[in-house]
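Per-entry structural report
Listed below, chain by chain, are the residues.
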Amino acid sequence: MKNRYLIGVAFLAIMILGAWSCFQTAQGTPVQKAVTADEQTLNRNRADSLLKLMTLAEKLGQLQQLDGGISKNELPKLIEQGKVGSVLNEVDPERVTMYQKIALEKSRLGIPLLIGRDVIHGYRTVFPIPLAQSASWNLDLVEEGSRISAVEASAKGVNWTFAPMIDITRDPRWGRVAESPGEDTHLTCEMGSAMIRGLQGNGNYQDGNIAACAKHFAAYGITVGGRDYTGANMGERQLRDVYLRPFKAAVDSDAMSFMSGFNEVNDIPASGSEWLLKEVLREEWEYQGMLLSDWTSITEMIDHGYCKDKKEAAFKAMRAGVDMEMVSTSYNEYLEELIKEGKIDIKQVDTAVRRILIMKFRLGLFENPYPVLSNDKTILSKEHLEAAKQAAIESAVLIKNDKNALPLSDKINSVAVIGPMADAPHDQLGTWSFDGKKADSQTYLNAIRNDFPENVTVNYAPGLKISRTIKKDGFNEAINAAKKSDVILFFAGEEAILSGEAHCRAHLDLPGAQEELLDELVKTGKPIVMIVVAGRPLVLTDLLPKVDALLYAWQGGTMAGPAISDLLLGKANPSGKLPITFLRAVGQIPMFHSHKNTGRPANENEWTQMYEIPEEAWQTSLGNRSHYLDEGYVPLFPFGYGLSYTNFKYGKIKIDKNKITPTDTFTAQVEVTNTGKTEGKEVVQMYIRDLFGSVTRPVKELKGFQKISLKPGETKTVKFEVSRETLNFWNADMDFTVEPGKFKLWIGGHSATKEFVEFEII
Ligand code: NOJ
């Protein structure tokens, strides 16, 4: 009784402070703001007061995240006993309410739960897969999509999501390329930060914001052979320069949590890596947020061969600084023992608990952790669907458009809608759409039927039931539909299940009999517009010559249909650009724009096609250059590439200083003109090369981009600031610095742009 009284008094103080902080939030603008120093101190004090009241068992309880699906029956009791800090995968608002009520009212200390869910690209309103969103290069749109995801998820009681995934990958075989922002560091930094801003907003859950989680720390995207869960063996410089930067950007964007990866980093599993989690994240970056393991990634360190048993796994993860354990229970089973044995200091546990409590205070869960029911009516609202549609429009990349096959001419009287993806409501949602419903999907076929002019006859015959099938019994119907139509719209690609976690592919062609179907369609002689609906970049080399136009639609989410229909009709103009290099062949992997030059770079004029090599040619007669005899040295389409229905002309690049000191700033600018007849958006991209230094640097690195809109005939000047921050890299002494020397700077519409200027750091 006395204990309860004491707790009551302590809590009153905490609540008053809490109410004060709530009031502060309510008075402030409900827009993104980093937590202020005052709020930080307040939350820390509140967490410390609470920590003082906690038993060891209650502390260990906070470190445990359990899966709502697996542990449904036991959860109420465990929550009441204070043995759970977080539940993932529970999105039934009634259950969440029940759990939170038990946590708040029945557990001894009344600590609310973090309710986690993979809201990766939308909740019920599903947005394009993250790789596609990256192709939009439109940060406002991405931020808005994440905001909407948070609002919808909060209605169900979700206060934390495991996004953004900011793992750079250069291997399209990896299934999680779908969830990644692509191959580039700068773009990934920007995409991740936009998502964090959108998800977290002002940080208060009752305002419809949820905590973000930067994952998977780190280097999960460096796979071996494109297979999932493998590992990263890489020098520290490249790790830092390429793969860690987006995570540093996430720290700077105030991501409330991080997730440690499944993978190894230089032979140590990330979830036990002291170098990564302690030295880099905590000591160097001074990250204050909470660090969660991935699903059983702590106990998987046994399978990795890094720990002999669960106890050692708990020890190594806690030693490295993982605060919360997802699903496996090694902390709860062994930390007490490890503390008694003096192997783990209770202060380490306190630190972990404090971070978890601070996150709960920051979100305002102590005041009100219940589902934000007022947001329920926004789910699938007109505004949300409109935003999803716009995201799908801007994500699509026009790859080929011979003789202006697109937009479709208004003289067309009939279209054949063919292919297994045309009416695949489940598959257009893509991977990680746990809460999306296929019944909400507006498919391509539906949209074409609804939105195309009434005089256009729509002849639908999929030809193939699903993307993988080799059953060709639908071919004849598809061929007949094609024959009686003016244009063929061929919706090909991959079902959702063929990408995403653990869904990797060794071949990157169209699965099943899709290419055979295309060959039959080609025989009809009708113009073919191919729309690729896929979770990864496929190898299009053999397909391209067979079609007149190709629109890469990715998996575009709930509103993919109306978005693509608008693009086909010219009601919208494509503006997506590739966030990852499109390859000529799987054997080119990894090929990406920011590669190194080598001592013998490929030379346009010296490259001999394999079939041109004379018989019994002398070994060195081909010039010994860095290329493939059978595929050359360039990809099919470079990073940053994408066409529009209009044309953009770039003027001369101007820089206001071409000799600067390392601390100077200068401006690079270019005039971009819309020379066509249609309004359009262009992604203006700036690339830089540091020509020589204490270590070699990539041939080109993206260092800035802006998406601008231009009316026909309109010209805009696009300016980029170049500063020390733009040029910093890890040099031979492992200093993050800028070195004197010469640089090249390009501004253009893709990474293979040729126009450049030079500048020098003196
Ligand atoms: C495993 C995945 O790697 C991670 O990204 C995800 O957030 C968790 N499972 C939870 O579902």
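On a predicted model such as this, the values are computed, not experimentally measured, just so you know.

**Observations regarding the pairing of strand β3 (residues 114-117)**
Neither face of β3 is left uncovered, since the one carrying Leu114 and Gly116 and the one carrying Ile115 and Arg117 both have all their residues buried. Here strand β2 (residues 86-88) pairs with β3 via three bridges, running parallel. Along β3, the bridge assignment pairs Val87 with Ile115. After leaving β2, the chain enters helix α5 (residues 93-106) and then returns to the sheet as β3, a path that is right-handed. Pairing of β3 with strand β4 (residues 160-161) involves two bridges; the strand directions are parallel. Residue Arg117 lies in a different strand from β4, and its bridge partner there is Thr161.

**Things to note about the sheet that holds strand β11 (residues 325-326)**
Strand pairing in a sheet takes place through backbone hydrogen bonds and is either antiparallel or parallel in direction. Strand order across the open sheet formed by five strands is β4-β3-β2-β1-β11, with parallel pairing between neighbours. Across the chains shown, the open sheet's two edge strands, defined by having one partner strand only, are β4 and β11.

**Focus on the sheet that holds strand β10 (residues 290-292)**
The parallel open sheet is built from three strands, whose spatial order is β5-β7-β10. The open sheet has two edge strands, β5 (213-217) and β10, and neither has a second partner. Looking at each pair of strands side by side, their axes are set apart by 25° on average, direction ignored. Of the strand pairs in this sheet, strand β7 (residues 257-260) and β10 are connected by three bridges, and their pairing is parallel. By the bridge assignment for β10, Phe258 is matched with Leu291. Relative to β5, helix α9 (residues 236-252) is tilted by about 155°, and along the sheet it contacts β5 and β7.

**Quick look at the packing of α9 against helix α10 (residues 274-284)**
Axis separation between α9 and α10 bottoms out at 12 Å; the angle between their running directions is 55°. One finds that α9 runs oblique with respect to α10. Two packed elements cross with a definite hand, and for α9 against α10 that hand is right-handed. Within the contact between the two elements, α9 uses Glu236, Leu239, Arg240, Leu244 and Val251 and α10 uses Trp275, Leu276, Val280, Leu281 and Glu284. Considered class by class, the residues forming the contact of α9 with α10 number seven nonpolar, no polar and three charged.

**Considering helix α8 (residues 185-200)**
In this model α8 runs 22 Å from its N-terminal to its C-terminal C-alpha over 16 residues, within 8% of the 22 Å that 1.5 Å per residue would give. Counting buried residues in α8 gives 13 out of 16 residues, a clear majority hidden from the surface. Two or three places before His186, at the start of α8, stands the capping residue Asp184, its side-chain oxygen 2.9 Å from that residue's backbone nitrogen. Positive backbone phi, at 45°, marks Gly201, one or two positions downstream of α8.

**Remarks on the environment of Gln685**
By the secondary structure assignment, Gln685 is in strand β22 (residues 680-690). With a relative accessible area of 0%, Gln685 lands in the buried category. As a C-alpha pair, Gln685 and Thr753 span 68 residues in sequence and 9.3 Å in three-dimensional space. A distance of 3.1 Å separates the side chain of Gln685 from the backbone oxygen of Gly640, its partner in a polar contact.

**Observations concerning the packing of aromatic side chains**
A ring pair, where both rings are aromatic, is described by two values, the distance of the centres and the angle of the planes. Scanning all chains against the criterion turns up 22 aromatic pairs. Summarising the aromatic geometry, the rings of Tyr552 and Phe582 are spaced 4.9 Å apart at their centres and angled 80° between planes, so their arrangement reads as edge-to-face. Taken together, the residues Tyr552 in strand β17 (residues 549-552) and Phe582 in the loop between α19 (560-569) and β18 (648-650) connect sequence positions 30 residues apart. Considered together, Tyr552 and Phe582 belong to a single accessibility category, that of buried residues. The positively charged end of Arg170 is found above the aromatic ring belonging to Phe592, 4.0 Å away from the centroid. A cation sits over an aromatic face here: Lys215 above Trp432, 5.5 Å from the ring centre.

Rules behind the numbers
- Residues numbered from 1 in each chain as written.
- Predicted model: local features only at pLDDT ≥ 70, side-chain atom pairs only at ≥ 80, totals over all residues.
- Heavy atoms only, no water.
- Buried < 20%, exposed > 50% of the residue type's maximum accessible area, 1.4 Å probe, protein only.
- Helix = DSSP H or I, 4+ residues; strand = E, 2+ residues; numbered from the N terminus.
- Pairing = 2+ DSSP bridges.
- Right-handed = clockwise from strand over helix to strand, strands pointing away.
- Axes fitted to C-alpha atoms, helices over the stretch in contact; angles between N-to-C directions.
- Contact = heavy atoms within 4.5 Å.
- Parallel < 35°, antiparallel > 145°, perpendicular 65-115°, else oblique.
- Left-handed = near helix turned anticlockwise from the far one by under 90°.
- Nonpolar A, V, L, I, M, F, W, Y, C, P; charged D, E, K, R; others polar.
- Expected span 1.5 Å × (residues − 1).
- Polar contact = N/O pair within 3.5 Å; in protein donor to acceptor, adjacent residues only side chain to side chain.
- Phe/Tyr/Trp six-rings, centres within 6.5 Å; stacked < 30°, edge-to-face > 60°.
- Lys NZ or Arg CZ within 6 Å of the ring centre and 35° of its normal.

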